[in-house]
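# Topology and contacts: notes
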Amino acid sequence: MAGRVHPRQLAFSLPHAESLSRDNFLEGPANAAGLALIDGWPEWPNRIMWLAGPEGSGKSHLAAIWAAEAGARSTTANALTAAGVPGALATGALVVEDLKAKDFDERALFHLMNLAREDGAYILFTGREVPASLDIELHDLRSRLRAVPVVTLLPPDDQLFRGLIVKFCADRQLSVDESVVSYLATRLERSSAAARRAVELLDSEALRLGRPVTRALAAELLRDA
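Description of the structure in this document. Every chain is numbered independently, its residues counted from 1 as its sequence is written. For this predicted model, a pLDDT threshold of at least 70 governs which residues receive local features, and a threshold of 80 or more governs which side-chain atom pairs are given and counted, while totals over whole chains, interfaces and linings are taken from all residues. Here the side-chain values reflect all heavy atoms present in the structure, with hydrogen atoms and water set aside.

## A word on the sheet that holds strand β4 (residues 122–127)
Strand pairing is assigned whenever DSSP detects at least two bridges linking the two strands. Numbering of helices and strands runs from the N terminus, with a helix taken as a DSSP run of H or I at least four residues long and a strand as a DSSP run of E at least two residues long. With respect to topology, five strands assemble into an open sheet ordered β2-β3-β4-β1-β5, the strand pairing being parallel. Looking at which strands have only one partner, the edges of the open sheet turn out to be β2 (73–76) and β5 (150–152). Shown here is a sheet whose adjacent strand axes are inclined to one another by a mean of 20 degrees, direction ignored. As defined by bridge partners, strand β1 (residues 48–52) adjoins β5 across three bridges and the pair is classed as parallel. Directly across from Trp50, in β5, lies its bridge partner Val150. Only heavy atoms enter the contact rule, under which two residues are in contact if any of them lie within 4.5 Å. Convention adopted: a line fitted to C-alpha atoms gives each axis, helices being fitted over their contacting stretch, and angles between N-to-C directions are expressed from 0 to 180 degrees. Against the sheet, helix α1 (residues 32–40) engages β1, β4 and β5, with an angle of about 135 degrees to β5.

Put into structure tokens, the structure is as follows:
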């Protein structure tokens, strides 16, 4: 009798909502300055502020907290157009995320900053870089951006990093024990982005293989990564 061919289990990539509320923000020394900025609104040192930090450092989460508090609209830098500036500032507060060199309309951004100053509106920029490192052709915009106060987020310390791993697992409804958290915390690059990617990989492979998320599975995946 011919051997049976067992069909391979398919893993479907379903969206997993990550909570961006204030209650679900993990605090630590690495993000204390950013959290203080958000909690200190509207008593900011400047109505336009810049939140800088590496990928996955919490910029978007902090921006979402502030947007909810300030009634701010949100846009990405590369989606901003000159014609859309008045509408973007309609509530008097705006988040402009992921501002990076050569990926936005300089004249639209200059118009935005001018209108915000005229209207007394608040703007929170986020980006991996600080304004001084951006190569900007428009001289007046370059000067304006470099005058914006910058608050920088740092890579997570050990306690925060472990907390992020637990949070990302909880966001995906994964049940993991301390051995898995400890294994990941001591072997991953110390960044929120690396923790998120590792948890996503564990989730998808556990589903595909029909196995629980264990230290052994984590070891197999990280060895092969």
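Still more to cover.
## Section: the layout of surface pockets
The space that makes up the largest pocket amounts to roughly 490 Å³. Taken together, 27 residues form the lining of the largest pocket, with Gly56, Ser57, Gly58, Lys59 and Ser60 sitting closest to its centre. Breaking the lining of the largest pocket down by element, the ones donating at least two residues are α2 (59–70), α6 (158–171) and α8 (192–209). The greatest single-element share of the lining of the largest pocket, amounting to four residues, is contributed by α6. Looking at the lining of the largest pocket residue by residue, the classes come out as nine nonpolar, nine polar and nine charged. Buriedness of a pocket was judged along seven lines, with at least five required to meet protein on both sides within 12 Å; pockets are open sets of points on a 1 Å grid over the protein atoms alone, cavities are sets where a 1.4 Å probe fits but cannot get out, and lining residues have an atom within 4 Å of a point. Grid points are joined across faces, edges and corners, and a volume is the space filled by probe spheres set on the points. Residues are sorted three ways: Asp, Glu, Lys and Arg are charged, Ala, Val, Leu, Ile, Met, Phe, Trp, Tyr, Cys and Pro are nonpolar, and all the rest, Gly among them, are polar.

## What about the packing of α1 against α2?
One way to put it is that α1 packs onto α2 with a least axis distance of 9 Å and a crossing angle of 10 degrees. As the angle between them shows, α1 and α2 are arranged roughly parallel. Contacts between α1 and α2 involve Gly34, Leu35 and Ile38 on the former and, on the latter, Leu62, Ile65 and Trp66. Looking at the contact of α1 with α2 residue by residue, the classes come out as five nonpolar, one polar and no charged. Just so you know how the angles are binned, under 35 degrees is roughly parallel, over 145 roughly antiparallel, 65 to 115 roughly perpendicular, and the rest oblique.

## A look at the environment of Glu137
The topology assignment puts Glu137 in the loop between β4 and α5 (139–146). Residue burial is assigned from relative accessible area. The probe radius is 1.4 Å, only protein chains are included, and a residue is buried under 20% of its type maximum, exposed over 50%, and partly exposed in between. Look at Glu137 and you get exposed, because its relative accessible area is 62%. On a C-alpha basis, the gap between Glu137 and Lys102 in space is 9.4 Å, while along the polypeptide they are 35 residues apart. Setting aside anything within four residues of it in sequence, one finds Glu137 in contact with Lys102, Glu106 and Arg142. For Glu137, the side chain forms a polar contact with the side chain of Lys102, separated by 3.4 Å. Two N or O atoms form a polar contact when they lie within 3.5 Å of each other; inside protein one atom must be a possible hydrogen donor and the other a possible acceptor, and for residues adjacent in sequence the pair counts only when both atoms belong to side chains.

By themselves these figures say nothing about function.
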